[in-house]
Amino acid sequence: MAGRAPSPRVRRVRVPSFLAGRCVPSDPGSLLHHPGSRRHTGKMAALLPAEWIKNWEKGGKNEFVQLCRTLSENKSHDNMGFRDIQQALYELAYHVVRGNLKHDQASNVLGDVIEFREDMPSILADVFCILDIETSCLEEKSKRDHFTQLVLACLYLVSDTVLKERLDPETLESLGLIKQSQQFNQKSVKIKTKLFYKQQKFNLLREENEGYAKLIAELGQDLSGNITSDLILENIKSLIGCFNLDPNRVLDIILEVYECRPEYDDFFVPLIESYMYMCEPQTLCHILGFKFKFYQDPSGETPSSLYRVAAVLLQHNLIDLEDLYVHLLPGDNAIIEEHKREIVEAKQIVRKLTMVVLSSEKTEEKEKEKEKEEEKTEKPPDNQKLGLLEALLKIGDWQHAQSIMDQMPPFYATSHKSIAIALCQLVHVTIEPLYRRVGVPKGAKGSPISSLPNKRAPKQADSFEDLRKEVFNMLCYLGPHLSHDPILFAKVVRLGKAFMKEFQSDGSKQEDKEKMEILFSCLLSITDQVLLPSLSLMDCNACMSEELWGMFKTFPYQYRYRLYGQWKNETYNSHPLLVKVKAQTIDRAKYIMKRLTKENVKPSGRQIGKLSHSNPTILFDYILSQIQKYDNLITPVVDSLKYLTSLNYDVLAYCIIEALANPEKERMKHDDTTISSWLQSLASFCGAVFRKYPIELAGLLQYVANQLKAGKSFDLLILKEVVQKMAGIEITEEMTMEQLEAMTGGEQLKAEGGYFGQIRNTKKSSQRLKDALLDHDLALPLCLLMAQQRNGVIFQEGGEKHLKLVGKLYDQCHDTLVQFGGFLASNLSTEDYIKRVPSIDVLCNEFHTPHDAAFFLSRPMYAHHISSKYDELKKAEKGNKQQHKVHKYITSCELVMAPVHDAVISLHLPKVWDDISPQFYATFWSLTMYDLAVPHSSYDREVNKLKVQMKAIDDNQEMPPNKKKKEKERCTALQDKLLEEEKKQLEHVQRVLQRLKLEKDNWLLAKSTKNETITKFLQLCIFPRCIFSAIDAVYCAHFVELVHQQKTPNFSTLLCYDRVFSDIIYTVASCTENEASRYGRFLCCMLETVTRWHSDRVIYEKECGNYPGFLTILRATGFDGGNKADQLDYENFRHVVHKWHYKLTKASVHCLETGEYTHIRNILIVLTKILPWYPKVLNLGQALERRVHKICQEEKEKRPDLYALAMGYSGQLKSRKPFMIPENEFHHKDPPARNAVAATVQNGPGGAGMPTSLTINTVRLEEGTTEETDKLKEKSQGVVKVINKAVNATPKVTTSNGNSASNSKITKEKDDKEKSGKEKDKEKKDKTPAATPEMKALGKDGKDKPKEERANKDDKAREIKEKTPKSDKEKEKVKKEEKASKEEKSKTVVTIIESKSAAEKEREKEPSRERDVAKEMKSKENAKGGEKVPVAGSLKSPVPRSETSESEREQKRRKVDTHSSPSHSSTVKDNLNELKESSAKHYINHTTPTLSKSKEREVDKKDLDKSRERSREREKKDEKDRKDRKRDHSNSDREVPQDSTKRRKEENGTTGSSKHSKSESPSDSPRLNEKEKEKNKSKSSGKEKGDSIKAEKMEKSSSGSKKESRHDKEKPEKKEKRDSTGGKEEKKHHKSSDKHR
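Residues numbered from 1 in each chain as written. Predicted model: local features only at pLDDT ≥ 70, side-chain atom pairs only at ≥ 80, totals over all residues. Heavy atoms only, no water.

**Things to note about the overall build of the protein**
- The helix and strand inventory of the protein stands at 78 helices and zero strands.
- Burial analysis of the protein (1637 residues in total) assigns 56% to the buried set.
- For the protein, the proportion of contacts with a sequence separation of at least 24, taken over those separated by at least 6, is 84%.
- Total accessible area computed for the protein in this model is approximately 70900 Å², and 51% of it derives from carbon and sulfur atoms. (Helix = DSSP H or I, 4+ residues; strand = E, 2+ residues; numbered from the N terminus. Buried < 20%, exposed > 50% of the residue type's maximum accessible area, 1.4 Å probe, protein only. Contact = heavy atoms within 4.5 Å. Areas by Shrake-Rupley, 256 points an atom, 1.4 Å probe, with all protein chains shown as cover.)

**Brief notes about the state of the cysteines**
- Enumeration over the complete set of coordinates arrives at zero disulfides.
- Not engaged in a disulfide, the cysteine C1036 finds its nearest cysteine sulfur in C1026; these two sulfurs lie 5.3 Å apart.
- When its relative accessible area of 0% is taken as the criterion, C1036 is described as buried. (Disulfide = S-S within 2.5 Å.)

**Considering the pattern of salt bridges**
- Scanning the entire structure with this criterion turns up 51 salt bridges.
- Notably, a salt bridge pairs E547 with R494, separated by 3.2 Å at the nearest N-O pair. Placement of the pair is E547 in helix α25 (residues 542-552) and R494 in helix α23 (residues 486-504), with a sequence separation of 53 residues.
- Residue E547 is classed as buried on the basis of its relative accessible area, which comes to 15%.
- For R494, a relative accessible area of 22% gives the class partly exposed.
- It is possible to trace a salt-bridge network through shared partners that takes in R249, D252, E256, E259 and K291. (Salt bridge = Lys/Arg side-chain N within 4 Å of Asp/Glu carboxyl O.)

**Structural notes on the side chain of T1015**
- Structurally, T1015 is set in helix α48 (residues 1010-1026).
- The class of T1015 is buried, set by a relative accessible area of 0%.
- Here R1059 takes part through its side chain, which lies 3.0 Å from a polar atom of the side chain of T1015. (Polar contact = N/O pair within 3.5 Å; in protein donor to acceptor, adjacent residues only side chain to side chain.)

**So, a negative patch on the surface**
- A cluster of acidic residues, E502, E511, D512, E514 and E517, forms a negative patch on the protein surface.
- Counting residues per element, the negative patch draws most heavily on helix α24 (residues 510-537), which supplies four residues.
- Secondary-structure assignment places E517 in helix α24. (Patch = residues over 30% accessible without salt bridge, like charges linked within 9 Å, V, L, I, M, F, W, Y side chains within 5 Å. Lys, Arg positive; Asp, Glu negative; His and termini not counted. Charge placed at Lys NZ, Arg CZ, Asp CG, Glu CD.)

**As for the confidence of the model for the protein**
- For the protein, per-residue confidence averages 74 on the pLDDT scale, and residues scoring 70 or more make up 68% of the total.
- Counting contacts from residues 1-44, a segment whose pLDDT is below 50, to residues more than four positions away or on other chains yields 13 contacts.
- Residue range residues 1116-1122 is modelled with pLDDT below 50. Its contacts to residues more than four positions away, or to other chains, number 13 contacts. (pLDDT = per-residue confidence, 0-100.)

**Notes on the nonpolar core**
- Counting 316 residues, the largest nonpolar core has L388, F685, L782 and F1082 as the members making the most contacts within it.
- In this view, L388 contacts Y307, A310, A311, L314, L321, L324, L328 and I404; residues no more than four positions away in its chain are not counted.
- One finds I53, L110, L157 and I178 within the second-largest nonpolar core, a separate group that totals 42 residues. (Core = buried A, V, L, I, M, F, W, Y, C linked by side-chain atoms within 4.5 Å.)

**A look at the packing of aromatic side chains**
- The final tally for this structure, using the stated rule, is 51 aromatic pairs.
- Ring centres of Y561 and Y654 lie 5.6 Å apart, and the angle between their planes is 55°; on these two criteria the pair is classed as tilted. You can see Y561 sitting in helix α26 (residues 557-569) and its partner Y654 sitting in helix α31 (residues 646-660), a full 93 residues away along the chain. Each member of the pair, Y561 as well as Y654, is classed as buried.
- Among the aromatic residues, those joined into a cluster by ring pairs are F464, F499, F503, F520, F552, F555, Y557, Y559, Y561, Y564 and Y654.
- One Lys or Arg, R595, reaches over the ring of Y591 and ends 3.8 Å from the middle of that ring.
- Its end group placed over the ring of F924, R1025 keeps NZ or CZ at 5.5 Å from the ring centre. (Phe/Tyr/Trp six-rings, centres within 6.5 Å; stacked < 30°, edge-to-face > 60°. Lys NZ or Arg CZ within 6 Å of the ring centre and 35° of its normal.)

**A closer look at the packing of helix α5 (residues 120-137) against helix α6 (residues 141-153)**
- Their axes nearest at 9 Å, the elements α5 and α6 cross at an angle of 160°. Viewed along their axes, α5 and α6 adopt a mutual orientation that is roughly antiparallel. Here α5 and α6 pass one another in a crossing that is left-handed. Counting all contacts with α5, which are made through F128, L131, D132, T135 and S136, the residues of α6 involved are K143, R144, F147, L150 and V151.
- Here the residues of the contact of α5 with α6 are counted per class, giving five nonpolar, two polar and three charged. (Axes fitted to C-alpha atoms, helices over the stretch in contact; angles between N-to-C directions. Parallel < 35°, antiparallel > 145°, perpendicular 65-115°, else oblique. Left-handed = near helix turned anticlockwise from the far one by under 90°. Nonpolar A, V, L, I, M, F, W, Y, C, P; charged D, E, K, R; others polar.)

**Some words on α23**
- Along its 19 residues, α23 runs 27 Å from first to last C-alpha, staying within 8% of the 27 Å computed at 1.5 Å per residue.
- Residues of α23 that are buried: L488, F489, A490, K491, V492, V493, L495, G496, A498, F499 and M500.
- Contacts made by the buried residues of α23 are with α21 (417-439), α22 (464-478), α24 and α25. (Expected span 1.5 Å × (residues − 1).)

**Considering the packing of α22 against α23**
- Contact geometry of α22 with α23 gives a least axis separation of 13 Å together with a crossing angle of 145°. Seen from above, α22 lies across α23 with left-handed handedness. The residues of α23 that touch α22, namely those facing F464, L467, L475 and L478, are L488, V492, L495, A498, F499 and E502.

**Some words on α48**
- Within α48, the axis deviates most sharply at L1018, by approximately 40°.
- Counting buried positions along α48 gives 15 out of 17 residues, so the element sits mostly inside the fold. (Bend = angle between axes of the 7 residues up to and from the residue.)

**Comments concerning a nonpolar patch on the surface**
- A surface patch of nonpolar side chains, amounting to about 550 Å² of accessible area, comprises I191, L195, F196 and Y197.
- Y197 gets classed as exposed once you look at its relative accessible area, which sits at 71%.

**Describing the environment of S906**
- Topologically, S906 is positioned in the loop between α43 (882-905) and α44 (918-926).
- Those residues in contact with S906 that lie beyond four places of it in its chain are D841 and N845.
- Here the side chain of S906 touches A903 through a polar contact of 3.0 Å, landing on its backbone oxygen.

**Overview of the environment of R1161**
- Along the chain, R1161 falls in helix α55 (residues 1157-1170).
- Given the relative accessible area of 6%, R1161 is considered buried.
- Here the alpha-carbon distance between R1161 and E1073, two residues 88 residues apart in the chain, equals 7.5 Å.

**A few points about a positive patch on the surface**
- The grouping of R588, K594, R595 and K610 at the surface amounts to a positive patch.
- It is helix α27 (residues 576-595) that provides the largest number of residues to the positive patch, a total of three residues.
- With respect to the helices and strands, the residue R588 is situated in helix α27.

**Points about the environment of K665**
- Examined against the element boundaries, K665 turns out to sit in the loop between α31 and α32 (677-692).
- A sequence separation of 14 residues divides K665 from L679, and the C-alpha atoms of the two residues are 9.3 Å apart.
- When sequence neighbours within four positions are dropped, the list of residues in contact with K665 reads Q628 and W678.

Here it is in structure tokens:
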């Protein structure tokens, strides 16, 4: 055991060399034995041998005397000699007791020996004493007698007194030295009592005033000389002895003097220490205890000097703390009670502050509070424990101070200011050397603090490790009360800053790193437990807040936010003071917020600033709660936050995130259709505050990213607001066309003219946002998460949510992606962007980013890349020629885009690339509006604005001249920038167009058909992109026009436009609100182009006349440009445009009638967007107006948002009315026809004036289509195949292209048809084509005639039988009658037109009439032989055939449709419905759809008769007129069904189902009109008929398939009914017209 000496028995004694060889005892312990035991040992044998006793008289006596003499003389080992003499005398006496020697002999020899030493009598007395004890124990009486005799004999040698001292009283009595032993005992007790217990020392000063006076003089003298404590101690001892002073009283006086002379620690401490050797250990503690007790009266106050003395004595361990602690008051229990009471009081204060107090109660409460405060002002009893603690801290005795604090509740001790300040002072001293070395800021002098004179004080810190061991512990005891010493607060923070600097620098060893990690966690704890709570208790000290931020900004934001969270949610509950402060802060915040307005922002802002310096978390929590309730507070609050410190801004960011993440708040309103207003308010506040003030964004951005990872997109609202406010990038669907145009220019133009609020000075804030994204690697992850979340919104997050809300969330997600991507594109440097965005195939295949979003992210990268490559090449060769530049640009494009072309291939199935090349796909997706066109008007507009501004500045007399100059300079600089930018863009666009010119030949491969190509183009390019953003919508429209202008091979512009305008229902229905708006913009731009071509023949001829896009031969892949007859002429184009307008009307009315929220909302949005160009035709506009008016009435109470939309549109529509024109002005209608059919046509919707040739061609197309559909049925294996065929089918819709397709097919496949005549016959039987009028009838009657379905089926069955032979007969007749008279031709056309409506109905009644009609038709056609018309005739006769199988075809189509692509599936259905409706309208003419059949028949008959009469009159007119009117007839043909359709719409407000039967593509018919006339001269009409039938069938089936896949949900039964009824009606239509002829 350390510190304890080993036991003597265990000790081994090393024998010195000079004793070697001597006899050493075997047990070394024997050396240490008592001298009396020597006789037992080996070496120390008896000094008195037995021989000497035997021969005592002879020689023994002399020997003994001689021995004693030698022993007495041997002075060298004095002690040993003394013992030997003792032993010799003892042995002699022992022999006497045993009786070996007589007592007189012994007394004689002793008389001789006695003079050898002075102390011999005393030695002898000792020997007698031992023998006395030994013999008294023996039973043998003789030995006792021998002893007594010996003593008596020796009485003359030893004095009585010595014997009386040493021998037993009984022995003394037996010796006769005393009379009675009992008396002797009593006497000795009395003497002892007198000696030891009777006080002869003086305690009171007055008892011995001289002695005490001398003592005080001794202690009070000047101690600066050579006087030491030892010297004084000797004097004190003398004084005590001399004056009989009480030693305890002396000690007390020493302590008193020490109290008065505290500077002489070095003198008094050793003095007391030495003095304590003379006292019992507890004495000093008791004396101090008595001193403390003296001051424990309620009125008493313990002097600080006493505390100090006690502290010093504790520090020097002269007393124990435990011994002294019990003497101090108050008791620990009392302290705990007091602490609890403080907490309760604090809570009461909080309750009072949060209570609503009425004014009457206020005065009473104030009085009560005053009374309580007066009670409190009574002085609390003295707390001696705290006094001692303070003294200990002041002298630096941390160990004892800590143990006292441990006995009390946490922070109880330091809540007393004196103790907190004492502890702060101790910390000051301890950190001094380290602070001087690393903490003092540059240039600051600082006031050095001297160390404590006390050597036992804590060691000063020289390193951060020392700081952890000593100082951090002290700070933890200080807690929030560091607030009492702001200077120390600043020092600690600066040391933290210095440590963080060292911690973040690399290069330290592993061990050091571990130490640093520990230190770092300690620093975080100190921040949490000490620094932040202390800041709360400081009174608005902005400097401390900034100082603390200096350290905080070195922490990662995760640590900071954790600290703020602890501060806000836990710290304030840990201490009564903090509880009060929290309540007062909230109370004050309420006061300020109640009075905050826009007018008093500054004074309120200052108050908010003051309050925020100390308690930001509490203040901001309250402010944010108010903002969530009242969004009109946002602006004043944001403005009033300008007096905050950096730390406060950071805390604000944390509080915002905490408020956003509040799990108790619902993110949706109660109706579950809109995002909660609190979230919207917070997002808006976020954007404003982050823009205006330099707040770190990382936490907020990470929060949004985490929410997206968790599949929650609500919080994208925040990102949207932040990007909008900080970067000035607005996402709004409400942009005007002017703004949109400005957005297609350069950055400067965008900033000037592209946004609603011209957001200036975003440079700094957007830089901050960019840095935050890059530093924390959030740029790309946020983009990818948003892109993925778009679909997540629908399929995961949407779940049970309301469709309206899902749409909103989808839009929000999409808009934010577009906005955020735009921000990255314009703010990231090329290197940053390219480094972060992976290639397109990686984005799509690995990150599963939707293609539109992936290209959106990659697009800026391509642009950056190309421009940097281009710059490189320019520098390499300095050729300034424009050609050189263009060549370099194209080279750089190839270099950059080649890998993209390869990457793109993996995005789609290989079959896709049969029709469009990867190069075309990549080009489409990589370009933007900036590349395609220069917005000159926008540039001019902005430059003019600046000029006006400059003029206004000149005219302004009040503006000071220097400001004028500045403003003018700013405007001039902007103007120059804009002009420079325009020039730069112009050059760029020219280069891009050159590049496209070179590329265009490889764009569209058309390995299948143009149809297929257009489908792929629309499906993969146009539709996904046109709803991506408003600019993309404009881009898509421009791109289509550009591809047309470039004369791109295999691109049918007509098909493309037709498909776009015909298929609108399904695209509209599947859009979200914002997508509908963008889709509307796209349609608007497309309509703008079409309207421009429609408006003027010159423009049309110039821009479309000789372009391959207006070829009507669909199957032709090349473009020779020579055959003018294959081009769609201007007048026919106008018919086509009318048809498109009609289709748009029909789709719109259908959507409005569904009653579906989404349909109605979206179509209203689309209609509002396309208002500048549609409706242009008066009757279409009126139909729409009526339907919208109905919506207004229906939705007023039910769905107010729809009501508002409808009312808005209705108002705008009315204002457009003056610009609408009658139908005959919109496209050329045949006037006679118009008069003839006046009754039926007047109000009918468009489509009536379709030329005959058009209708004929359509029939052909349909035939073709049905053929293909059947094939498809057989092979309906894969989606892709279906899509491709569907695409081929679509051209029907596409007006002229559809016809051209059939024509081309006719020409090319003539030979094939002849060979396989039998097959064709079969086909004709199976797939009878429907002429255009029939199709119209189909479209229009579909809805009206469900009842007649069965009857119609039977009719059709009959008709099929009858018609099949007719086709052969027709062929023969056509050959014979080719040269028939022109008169007949014109008559036929007229009668056809007139009798269409009536004839349709009659057909139902009289299926037998069909043959006659057909014969008549054939004969007329043959008669007209030379006049190109035979086509019409030949095509019209087969019409009945096609009708019969129509319903079957529809059913088959449906089967196929289940697999087909959604993008264009609406065409067929729409056309069918149009036909149904038009025919229905003919015979219903302002009556309800449910007319009885009989009535209908009557009406039909009348119509027929009238039309016959008119036709006879016409025949009498000149033949010249007839020639001129050929085209007009065809027009009137078309007009009748259209007009009737319009009328029908107006009456019933319905538009049938949204199936576009392609038969009515007016474009087809006009195109065919001319072409077929020529072809029919030479070719048999029968063959052509077969071809067109095939084409039509094909197109129908495929387009139908497309449409239906998109809307499989649309009750298939209804479709069947509509189709079948429609078919019947068409048949009727034809029969009647035939008969008429």
